[in-house]
Each structure stands twice: as C-alpha cells, then as structure tokens.
Amino acid sequence: MRKRAKINDMTIRVVLFLLILTVFAIIEPAVLSATNVCSMINDSIFNGIAALGMMTVMITGAFDLSSMSISMLSAFLTLKFYNIIGYEGDFITMFLIAGTFGALIAMINGFISQKFSLSGFVVSIGTNLIFGSVFFIFLRSSYIKTDAMPQTLLKVRTTAILSLQSSGGTAANLNIGIVVLVLTAAALWLFLNKTQLGRGIYALGGDKVAVERVGYDPMTITLIAYAVFGACVAIAGIYFYSNAGTFEPGMIADKGSDVIASAIFGGCNMKEGKGSVGGILAGVAIITVIKSNLILLGVPVYYVTFTVGAMILLGVLFSTLSEQRLQRNRGR
Amino acid sequence: MKRVLGNKQNRKTISLLLITVVLAVIIGSFNPDKFFTAQNFQSMTRQLAEIGIYALAMFVIVVSGGLNLSIVAVANLAAICGGSVMQGLILGDVIVSPLARLLVGLLVAVVIGVLSGVLNGYFVAGLGLTAVLVTSATSQLFQGLALVITKGNAIVGAPEAISALGTHNLLGIPYLLLLALGCYIVAEFVFEKTAFGAQCRLLGANATANQYSGNSNYKTLMKSYMLSGFFSAIGGIVSYSRMCALRSDYGNSLTSTAMLVVLMGGAWVVAGGGKVMNIFISLFCIQIISSGLTLSGTSNFTRNTIWGALLIAILLAATPAIQQRLSRLKGLARRRAPNKGNAA
C-alpha cells in the first residue's frame, strides 16, 4: 500500500512535467529540437546537483539558506588552491577538492545547530553572511579573470559527451556535466536507501528521540547530512564557475531561488522529513523546462521572473491538492 | 523599583538599553564631531524607520513560528502600484485631483500588502507548506509582478506629501521616526493587549495547544500574514518617501537586517517570545553599529561578516549551555566580591 502511494506522488510530477513540455511544444515546435533539448539538459546540471544536496539537509528536518555562499566559497578556495600550487587542474581532482572544502564548510553549520540545539535555518542566515564575505575582506579584489583561472577547467564548457550535427548546421552538444549529475544522483540514492547511515538521515527527520533510542548518534548523522549537502553544493559551484570562465562572488547568488524552487517541486517537506532523489530530479526537470523555454516562446524578458514565480506556485498548489486528495481516498 | 528589576523580561529590556547606550558612546567617540549632530541623528532615524517597519513585518510572522522572506518584495510591489496611482500613471484619467490620487494610492498600496498576506497565508496555513519555501517562491512572484509593471526601469518622482514625509521634521524629529513609532505602538497594543496577539504567541510556542484551546490555527496564521503584509506595504511607502523613486529590486539586503533586529529582540530565542519593546530598542542598537560602520567607511564584505558574526553570537549567547557558563562566571564574581570587602 505504501509503495503504491509513493508511485502516485511521483506520477503527479511526471505528468506535470510532460504536460508542461507538451503545451510548450504545441506553442513552439522548436522546443523539442535537438539543440534545445541539449541546452535544457545542460541548464539542469547546476540546479540538479545543488538541489540534491539541499534535499539531504531537508530530510533531516532542517533547512539551509547558505547553500549559495558555500558553493561560491568552496569554488573560490579550489581555484585559489590551484593557483597557489601552480597546477592547471583536471576534471577529477577539481570536484574532489571542491567537494571536500564544501563538506568541511557546511559541517560548521551542522555542528553549531546540533551542538547548541538551534534551528539550522537561523544559524545558516548568519553563516550565509559570513561565508559570503569573510575571505574577501583582506583581498584586494574578489574577481578572478579568465586568464588567471586554471586553464584546464575552462575546457568544461566545450567538452561534450555527445555532439549532434543538425541539418541547419548548428551543433547540439551534451555537456560532460551531465555525467557528474547522474553519478551524484546514483551515489546519493544508494547512500540514502541502501546504507544504514542513509536510513539514519531519514530517521532523524522523522523522529529525533526515536533515532537516539535505536542507537544512532544524532551528531554524527547531522554532520554527515551537512557534509553531503556541502559537497554537492560545492561540486555544483565549481562546475558553474568553470563553465562561466570567470569568478565573481555575486554571479551565483540569484541561482539560489531556483534550487529552492526545485526542492519545493520535488516534494521535499522539512516538517515530515520527506524527500527522494527521484522527486528532486523531477522537480529540477520541471523548473528547467519552464525557465529555459520562456525566451524561446517569445515571453518578454521582464515577464520571466513573474511567470516562473506564478508557475511554481500553481505547480505546488496542483501537486499538494492532488496529494491531499490521494491521502483522503486512501483514508476512506 | 525592585519589582521592575526583578522581572526577567524587564531585565532583558534594561540590558538591551544599556548595550545601546554603551555602543552609542563607543562608536560616537571615534567620530564625535560627525556622530553627535542633529543631522546624523535625523538621517540615522530615517534609515532606522525603514528597517524598523520591515523588522515589525518579520516579527509578526516569527512570533507565530514562521518566517517571511517576501516582505521586501511585497513592499516594493505595494509601493510601485501605489506610487503609479499617485503619479497618475495608472487610472490617471479617472482620478484627477492630487489629493484624491494620493489617498487612492495609499489605499492601493495597503490593499496590495494585505492581499499578498492572504496569498502567503493560504499556502502556509491552508495547504500546510513550510513558510520559508512558500515565501521565497511568492517573493519571486511579487518581484516579478513589480518587474512587469515597471518593465525593468525605475519610476522617478513622488508627490509632494510623500517626499515631505521622507525629508521633513516635526520639532527636529523626522516624520518617519514618528511613523515608525506609531507602527510600534500599534504592534505593542496588538501583541500585549489583544486575544489575537496571545493566540499568535501560543501558536508559535505550541501549535497543537493552540488548536486544542479552541482557536483556529488557520485563522490565526491568516491574520498574522495579513498584518505582516500591511506592515510591509507601509515599509514600501517609507522606502518610496526616502528615495522618491520606485524600483522592483530595491533593498534586497534589508531582509537579513530585519531578521537580525528581530533576533536581537529575542523573538527567535524563545518560541512565541519576544517583546515589541525589545525589538524597538535593538533597532537602535543595530542602526548605531550600521552608522558607525558607514562613517568609518568599511567595505560591504566587512559589514556582512560583522552582521553574520553578531547573529551567531546572539544566538549562541541565548542557548542554555552558554547561559549556564555565564551564570557560573557571575556566581564566581559574586563570591569573590565579599571576600575582597573583608580583606579591605
């Protein structure tokens, strides 16, 4: 019975995704062209990895506002680290180093909130301000130019795992970042569902007292959840800045609202410690389809924020109401 | 006198007052000829009024256990709609007289503020979603709507009454400070004297208890979001009167300052706690630090770091673990003091 309910929650999101895609494709057939599909998938990489991290914290019943500062700071530290040792970087160590930095930084949040039993959200408001600025106080400039970036990292933008030459002569490239997203999602799914610690993270969001009685250490679980969160956000951050080719602290700030929106669409609920990898991926897919296609559909630029906001709220309204109806039917 | 000092809530108010005065003296002594002037006082209190009203809009929600990230977006939207009516950009043909435009504009701003509260309230209370997520989504909606109305440009200019509100004084006290004071008196009345205020506190402390004592959580939350929207709209008009211009993305950083003020006032530390009076005093405290930083010309990075560190420090200082350690220190000091007296 439980299994069936899960399928139903998921089905609502997939149906919503297909519905939006179909409507868009009817209005403008170019939405489904190879170029656009590839660019949509490329757009979803950053959002997807960051939202998966966000979900891990939300499962424990907390919420973290500092995701974008952690992302920015760990990308900055990684770039500086490469500069200092004079290495041009490569695709594997960059994710590993950024991930480690991110995990360590995010664990500060987890430690403070768990040790002093404070709300993780309120702590993150403060650490968000600190992480976003403390390293730049003593630096002359917070900006890294394209020449000063580790040069191998810049190849992230052009490296494709699949390249299609369409009839019009435009190439459709599927960026290498999608591999990172798929690997992260797979690893996180295995961790959350198949390991004891992963089940502990779910349990912590469900009932804090019960977790302790069963024999888990709440501190360990919180720290691990925050470390996973930090690592994911940092990986997304280093990918974003390598892709952009320059570094500037503010560039990433307005990406945060998309990540939160994906988490909302993905069915994350801090109150009950709900959230799943599949749900998040569906949420990311919906947000990306809406956000990347509005310009193609001919919506003026200054309507985009409003349209995205309205669609998020309508989508949430729709999926919450249908979920509630499902639950009521089950109750009967 | 002893009763006043003995009350724990009053002690907090008095210590906040002391901190504020000490801060003012320390920061003022760095720059005495700039800091202790009537002009600085007036510009400080004008800024303070703006942050103060946003803090109030935040406080209303924090008391009932939520959080409102959409206050600045609502404020901008309300000010843009109201301001467009005042300047005759909307309904300019129907309402001709300047006074009527002003009044209708104010009404429009307030109505939009309250309606935005209804939307937030419906999603939080009606659908049972988390306040942070909902308000960050509606914030995008309201900011987007403001962007649609202004088409991404700024609307410059304000009617005389509005610009006078932002620049003139009454007997040396800026009108804006009086307006903020009025808002705080209203809030003080609502949260200390009415049943609604008590319900909000109960809801914040224990939602189940509120439901079982015969109050509807839905109605309480809805009302508090409407009140928050109302204060946001007033905050928007205050911003408008200070800038005499309307932008959709004005003052985004004010949200975290408002949260800092509310936190310092003690609303987050105890569920359903926090006194309006304390928030009003901590407002001065924050504004003095902020002005001090501006006068000494620090960068945005330093300022943000200080805000963040302050926020964490206030949070930690209120936790039981640290409180115990503090009181033990106090106990040591007290035990030592009489010994010294004997020796002398």
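All figures in this text were calculated on a predicted structure; none of them were measured in a lab. (Residues numbered from 1 in each chain as written. Chains lettered and ligands numbered in written order. Predicted model: local features only at pLDDT ≥ 70, side-chain atom pairs only at ≥ 80, totals over all residues. Heavy atoms only, no water.)

**Describing the overall build of chain B**
Turning to step 1, where the next piece is worked out: Each helix and strand counted, chain B has 16 helices and four strands in total.
Turning to step 2, where the next piece is worked out: Taking 2.2 N^0.38 as the reference for a compact globule, 344 residues should give roughly 20 Å; the C-alpha atoms of chain B span a radius of gyration of 22 Å, in line with that estimate.
Turning to step 3, where the next piece is worked out: Expressed as lengths along the three principal axes of its C-alpha atoms, the size of chain B is roughly 85 × 60 × 40 Å.
Turning to step 4, where the next piece is worked out: Taking the contacts inside chain B whose residues are at least 6 apart along the sequence as the reference set, 75% of them involve residues at least 24 apart.
Turning to step 5, where the next piece is worked out: Of the accessible surface of chain B, which amounts to about 15800 Å², a share of 65% is contributed by carbon and sulfur atoms. (Helix = DSSP H or I, 4+ residues; strand = E, 2+ residues; numbered from the N terminus. Rg over C-alpha atoms; globule rule 2.2 N^0.38 Å. Contact = heavy atoms within 4.5 Å. Areas by Shrake-Rupley, 256 points an atom, 1.4 Å probe, with all protein chains shown as cover.)

**Thoughts on the overall build of chain A**
Turning to step 1, where the next piece is worked out: Each helix and strand counted, chain A has 12 helices and two strands in total.
Turning to step 2, where the next piece is worked out: Radius of gyration (C-alpha) of chain A: 20 Å, near the 20 Å computed for a compact globule of 332 residues.
Turning to step 3, where the next piece is worked out: Oriented by its inertia axes, the alpha-carbon framework of chain A measures out at about 60 × 50 × 35 Å.
Turning to step 4, where the next piece is worked out: For chain A, buried positions account for 51% of its 332 residues.
Turning to step 5, where the next piece is worked out: Excluding contacts between residues fewer than 6 apart, the proportion of contacts in chain A whose partners are at least 24 apart in sequence is 74%.
Turning to step 6, where the next piece is worked out: If you sum the accessible surface of chain A, you get close to 14900 Å²; carbon and sulfur atoms cover 65% of it.
Turning to step 7, where the next piece is worked out: In chain A, the 23 positive side-chain charges and the 15 negative ones have mean positions that sit 9 Å from each other. (Buried < 20%, exposed > 50% of the residue type's maximum accessible area, 1.4 Å probe, protein only. Lys, Arg positive; Asp, Glu negative; His and termini not counted. Charge placed at Lys NZ, Arg CZ, Asp CG, Glu CD.)

**Comments concerning the side chain of Thr 255 of chain B**
Turning to step 1, where the next piece is worked out: With respect to the helices and strands, the residue Thr 255 of chain B is situated in helix α13 (residues 254-264).
Turning to step 2, where the next piece is worked out: Judged by relative accessible area, Thr 255 of chain B falls into the buried class, the value being 11%.

**Regarding the packing of aromatic side chains**
Turning to step 1, where the next piece is worked out: Here the structure, examined in full by the defined rule, presents 15 aromatic pairs over all chains.
Turning to step 2, where the next piece is worked out: Both rings, one in Phe 230 of chain B and one in Phe 231 of chain B, keep their centres 5.7 Å apart while their planes meet at 55 degrees; by these two values the pair is tilted.
Turning to step 3, where the next piece is worked out: Note on Phe 230 of chain B: relative accessible area 29%, which makes it partly exposed.
Turning to step 4, where the next piece is worked out: When its relative accessible area of 2% is taken as the criterion, Phe 231 of chain B is described as buried.
Turning to step 5, where the next piece is worked out: Members of the aromatic cluster, connected to one another through ring pairs, are Phe 46, Phe 76, Phe 136, Phe 240, Tyr 241 and Phe 247 of chain A together with Phe 301 of chain B. (Phe/Tyr/Trp six-rings, centres within 6.5 Å; stacked < 30°, edge-to-face > 60°.)

**Re helix α5 (residues 71-86) of chain B**
All names here are of chain B.
Turning to step 1, where the next piece is worked out: If you check α5, its first and last C-alpha atoms are 22 Å apart, about what 16 residues at 1.5 Å a residue would give, namely 22 Å.
Turning to step 2, where the next piece is worked out: In terms of residue burial, α5 counts as a mostly covered element, since 16 of its 16 residues are buried.
Turning to step 3, where the next piece is worked out: Immediately beyond the C-terminal end of α5, within one or two residues, lies Gly 88, with a positive phi of roughly 75 degrees. (Expected span 1.5 Å × (residues − 1).)

**Considerations on the interface of chain B and chain A**
Turning to step 1, where the next piece is worked out: The partner chain A presents 42 residues to the 39 residues of chain B that form the contact.
Turning to step 2, where the next piece is worked out: Buried surface at the junction of chain B and chain A, summed over both partners, amounts to about 3600 Å²; 81% is from carbon and sulfur atoms.
Turning to step 3, where the next piece is worked out: The largest per-residue losses of area from chain B upon contact with chain A belong to Leu 133, Gln 140 and Phe 301 of chain B, which jointly make up 19% of the total buried on that side.
Turning to step 4, where the next piece is worked out: Connecting chain B to chain A are zero salt bridges.
Turning to step 5, where the next piece is worked out: For the pair chain B and chain A, the number of links is two residue pairs in polar contact (both at pLDDT 80 or more). (Buried area = accessible area lost by both parts, 1.4 Å probe. Salt bridge = Lys/Arg side-chain N within 4 Å of Asp/Glu carboxyl O. Polar contact = N/O pair within 3.5 Å; in protein donor to acceptor, adjacent residues only side chain to side chain.)

**Comments concerning the nonpolar core**
Turning to step 1, where the next piece is worked out: Counting residues in hydrophobic clusters, the biggest one holds 196 residues, and the most contacted among them are Phe 63, Leu 192 and Phe 247 of chain A together with Phe 191 of chain B.
Turning to step 2, where the next piece is worked out: Considering each element in turn, this core owes the most residues, 15 residues, to helix α4 (residues 38-63) of chain B.
Turning to step 3, where the next piece is worked out: What Phe 191 of chain B contacts, discounting residues up to four positions off in sequence, is Phe 59, Val 60, Val 63, Gly 197, Cys 200, Arg 201, Leu 227 and Val 276 of chain B. (Core = buried A, V, L, I, M, F, W, Y, C linked by side-chain atoms within 4.5 Å.)

**Focus: the pattern of salt bridges**
Turning to step 1, where the next piece is worked out: Counted according to the given criterion, the structure contains three salt bridges over all chains.
Turning to step 2, where the next piece is worked out: When the shortest N-O distance is used, the salt bridge between Lys 291 of chain A and Asp 258 of chain A registers 3.0 Å. Taken together, the residues Lys 291 of chain A in helix α11 (residues 277-293) and Asp 258 of chain A in helix α10 (residues 256-265) connect sequence positions 33 residues apart.
Turning to step 3, where the next piece is worked out: Accessibility expressed as a relative area gives 31% for Lys 291 of chain A, which makes it partly exposed.
Turning to step 4, where the next piece is worked out: A relative accessible area of 12% means that Asp 258 of chain A is categorised as buried.
Turning to step 5, where the next piece is worked out: One salt bridge in this structure joins Glu 50 of chain B and Arg 242 of chain B, with 2.9 Å as the shortest N-O distance. With Glu 50 of chain B in helix α4 and Arg 242 of chain B in helix α12 (residues 217-243), the pair connects residues that are 192 residues apart, well separated along the chain.

**A closer look at the confidence of the model for chain A**
Turning to step 1, where the next piece is worked out: When the pLDDT values of chain A are averaged, the result is 83; 95% of them are 70 or greater.
Turning to step 2, where the next piece is worked out: For residues 1-5 of chain A, every residue scores under 50 in pLDDT, and the model assigns this stretch two contacts once sequence neighbours within four places are set aside. (pLDDT = per-residue confidence, 0-100.)

**Regarding a nonpolar patch on the surface**
Residue and element names in this part refer to chain B.
Turning to step 1, where the next piece is worked out: Together, Leu 170, Leu 171, Ile 173, Tyr 175, Leu 178, Leu 181 and Ile 185 line one region of the surface with nonpolar side chains, adding up to about 640 Å² of accessible area.
Turning to step 2, where the next piece is worked out: When you line up the elements, Tyr 175 lands in helix α9 (residues 175-193).
Turning to step 3, where the next piece is worked out: Judged by relative accessible area, which is 33%, Tyr 175 ranks as partly exposed. (Patch = residues over 30% accessible without salt bridge, like charges linked within 9 Å, V, L, I, M, F, W, Y side chains within 5 Å.)

**A short note on the packing of helix α2 (residues 34-59) of chain A against helix α9 (residues 218-244) of chain A**
Residues and elements named next belong to chain A.
Turning to step 1, where the next piece is worked out: As a packed pair, α2 and α9 sit with axes 7 Å apart at the nearest point and diverge in direction by 170 degrees. In terms of orientation, α2 lies roughly antiparallel with respect to α9. α9 is crossed by α2, and the crossing has left-handed handedness. For the pair α2 and α9, contact is made by Ile 45, Phe 46, Ile 49, Ala 50, Gly 53, Met 54, Thr 56 and Val 57 and by Ala 225, Tyr 226, Val 228, Phe 229, Cys 232, Val 233, Ile 235, Ala 236, Gly 237, Tyr 239 and Phe 240, respectively.
Turning to step 2, where the next piece is worked out: Class assignment for the residues of the contact of α2 with α9 results in 16 nonpolar, three polar and no charged. (Axes fitted to C-alpha atoms, helices over the stretch in contact; angles between N-to-C directions. Parallel < 35°, antiparallel > 145°, perpendicular 65-115°, else oblique. Left-handed = near helix turned anticlockwise from the far one by under 90°. Nonpolar A, V, L, I, M, F, W, Y, C, P; charged D, E, K, R; others polar.)

**Quick look at the environment of Gly 86 of chain A**
Turning to step 1, where the next piece is worked out: Within the secondary structure, Gly 86 of chain A is located in the loop between α3 (67-85) and α4 (91-115).
Turning to step 2, where the next piece is worked out: Measuring from C-alpha to C-alpha, the distance between Gly 86 of chain A and Pro 150 of chain A comes to 8.5 Å, with 64 residues separating the pair along the chain.

**Here's the deal with α4 of chain A**
Turning to step 1, where the next piece is worked out: Here α4 of chain A is 25 residues long and its end C-alpha atoms lie 36 Å apart, about the 36 Å a rise of 1.5 Å per residue gives.
Turning to step 2, where the next piece is worked out: In this structure, the buried residues of α4 of chain A make contact with α3, α5 (120-133), α6 (177-194) and α9 of chain A together with α15 (300-317) of chain B.
Turning to step 3, where the next piece is worked out: Downstream of α4 of chain A by a residue or two, Ser 117 of chain A has a phi angle that is positive, lying close to 40 degrees.

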